[in-house]
Amino acid sequence: MKMEQLYSGKAKTIYKTDDPTKFISQFRDSLTAFDGKKKSEVANKGYCNAQITKKIYEMLEEKDIKTHLIEMASDTEMLVHAVEIIKIEVIVRNIAAGSITRKYPVAEGTIFENPIIAFDYKSDEYGDPMLNEDIAVALGISTYAEIEQIRNIALKINRILVEYLDEKGILLPDFKLEFGRKDGEILLADEISCDTCRFWDKGTGESLDKDIFRFDKGDISKAYEEVARRIVPDIFD
Ligand code: UDP
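Residues numbered from 1 in each chain as written. Predicted model: local features only at pLDDT ≥ 70, side-chain atom pairs only at ≥ 80, totals over all residues. Heavy atoms only, no water.

A. View of the site of the ligand. Every one of the 16 residues lining the ligand counts as a neighbour, but Glu 89, Arg 93, Ser 99, Asp 174 and Arg 198 are closest to it. Contact distances for the ligand include 2.9 Å between an oxygen atom and a side-chain N or O atom of Arg 198. For the ligand, whose free accessible area comes to 510 Å², the fraction covered by protein is 81%. Mapped by element, the contributors of at least two residues to the shell around the ligand are strand E9 (88-95), helix H2 (99-103), strand E12 (170-177) and strand E15 (197-201). Across the shell around the ligand, the residue classes tally to four nonpolar, three polar and nine charged. (Near = heavy atom within 4 Å. Polar contact = N/O pair within 3.5 Å; in protein donor to acceptor, adjacent residues only side chain to side chain. Areas by Shrake-Rupley, 256 points an atom, 1.4 Å probe, with all protein chains shown as cover. Helix = DSSP H or I, 4+ residues; strand = E, 2+ residues; numbered from the N terminus. Nonpolar A, V, L, I, M, F, W, Y, C, P; charged D, E, K, R; others polar.)

In structure tokens, the structure reads:
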């Protein structure tokens, strides 16, 4: 049973339930970019992202990646294990795009021979600065063992996702993961969706993700629906 709101972020709201070990994560239609400076509401976004995340998390579970997903509570809500979120944004990059092309001398579209894993401190107050293992441990954000484990899980998720999306005609330049702790285990938490990944159409190179909103590149509802059509075609039957 859904109870009081625990936390409301930029795109999702977390509710308590009558079971303290479970939360409900609601995917909303609100969308922000540039540290919340640009805001909008996008019809059907919450639905598409919830359904895409569900499908991807179920697919990852089949490959022994542990996630916080228990089951859907509604079309736009997930019943999830209550985890303690590790305040690290794990960024995985296969092709150069976004901030790496602004901060370093690398052209957009450059394919990285080895995937890049980078860590940002998840903190609006400090503007998500980059972290390394020593900073994360010094600040008490995580242990060395956790970071090592997170890195290995992120690389495994990347291998699985790149192949899975390729079959659907989607390239995966980069994406962001968040993990949580539960009973000494690390679970994949948060979401994997058009808000947290760069998805490029394999044929045309067109963005099918939040970059459409960031840079006013077209109809965002249509693009998110296109990704949902490729990943969860059954919801359109
Ligand atoms: N990302 C995210 N949330 C963040 C920061 C990044 O979901 O707070 C995702 C983003 O959508 C992209 C990837 O992580 O798929 C890499 O983002 P980048 O560092 O290039 O930042 P951006 O260019 O999006 O500002």
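Still more ground to cover, so stick around.
B. Expanded view of the layout of surface pockets. In this model, the second largest pocket occupies a volume close to 220 Å³. Along the walls of the second largest pocket sit Asp 201, Glu 206, Ser 207, Leu 208, Ile 212, Lys 217, Gly 218, Asp 219, Lys 222, Ala 223, Glu 226 and Arg 230, which together make up its complete lining. For the lining of the second largest pocket, the leading source of residues is helix H6 (residues 220-231), giving four residues. Considering only residue class, the lining of the second largest pocket consists of three nonpolar, two polar and seven charged. (1 Å grid on protein atoms, 1.4 Å probe; cavity = no way out; pocket = protein on both sides within 12 Å on 5 of 7 lines; lining within 4 Å. Points joined across faces, edges and corners; volume = space filled by probe spheres on them.)

C. Spatial organisation of the sheet that holds E12. Read across the open sheet, the five strands follow the order E11-E10-E9-E12-E15; overall the sheet is antiparallel. Of all strands in the sheet, those with a lone pairing partner are strand E11 (130-131) and E15, marking the two edges. Strand direction decides the pairing type here: E9 and E12, joined by four bridges, are antiparallel. Among the inter-strand pairings, Ile 91 is bridged to a residue of E12, identified as Lys 176. Together, E9, strand E10 (111-121), E12 and E15 form the strand contacts of helix H4 (residues 144-166), whose direction differs from that of E12 by roughly 155°. (Pairing = 2+ DSSP bridges. Contact = heavy atoms within 4.5 Å. Axes fitted to C-alpha atoms, helices over the stretch in contact; angles between N-to-C directions.)

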